[in-house]
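# Summary of structural features
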Amino acid sequence: MQPRYGAAARRRTPGAEAVTGEYAIDVRDGRMGRVMGRVGPYVQLRPPGGGKEWDCPPEHVRPVTLGEVLRARVREINAQGRLP
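The structure presented is a predicted model; accordingly, all values stated were derived computationally and were not measured.

What follows covers the sheet that holds strand E2 (residues 31–39). Ordered in space as E4-E3-E2-E1-E5, the 5 strands form an open sheet in which the pairing is antiparallel. Since the sheet does not close on itself, it has two edges, and those belong to strand E4 (54–56) and strand E5 (61–63), each with one partner. Pairwise comparison of adjacent strand axes, ignoring direction, gives a mean angle of 50° for this sheet. Its contacts with the sheet put helix H2 (residues 66–81) on strand E1 (23–26), E2 and E5, and the angle it makes with E1 is roughly 105°.

Rendered as structure tokens:
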């Protein structure tokens, strides 16, 4: 099992297997997203808190650090607490 975050995850190379449900960074523009799956050769990412998915080539995906995961979770929790 590969580490999800932290120093060991940062040592993984870009393009390492993206795990569905975990966060990843699209290095082309720095956006963070939750890995929703794969469509053809692309990894599909969705922004924290929801929104439109986008496709990212696997070689442009990198794992997130612990701090990035915490920021993403706070964004998701804040988005859930907003009134319509």
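So, about the packing of aromatic side chains. Throughout the structure, instances matching the rule amount to 0 aromatic pairs. One cation-aromatic arrangement involves Arg31 over Trp54; the distance from NZ or CZ to the ring centre is 3.9 Å.

Bridge count for E2 against strand E3 (residues 42–46) is 5 bridges, and the pairing is antiparallel. What sits directly across from Gly37, in E3, is Gln44. Hairpin geometry of E2 and E3 is characterised by an intervening segment of 2 residues between the two adjacent antiparallel strands and by a positive phi of about 60° at Gly40. Relative to E4, E3 runs antiparallel, the two sharing 3 bridges. Residue pairing in the sheet places Val43 in a bridge with Cys56 of E4.

So, how was this worked out
Residues numbered from 1 in each chain as written. Predicted model: local features only at pLDDT ≥ 70, side-chain atom pairs only at ≥ 80, totals over all residues. Heavy atoms only, no water. Pairing = 2+ DSSP bridges. Helix = DSSP H or I, 4+ residues; strand = E, 2+ residues; numbered from the N terminus. Axes fitted to C-alpha atoms, helices over the stretch in contact; angles between N-to-C directions. Contact = heavy atoms within 4.5 Å. Phe/Tyr/Trp six-rings, centres within 6.5 Å; stacked < 30°, edge-to-face > 60°. Lys NZ or Arg CZ within 6 Å of the ring centre and 35° of its normal.

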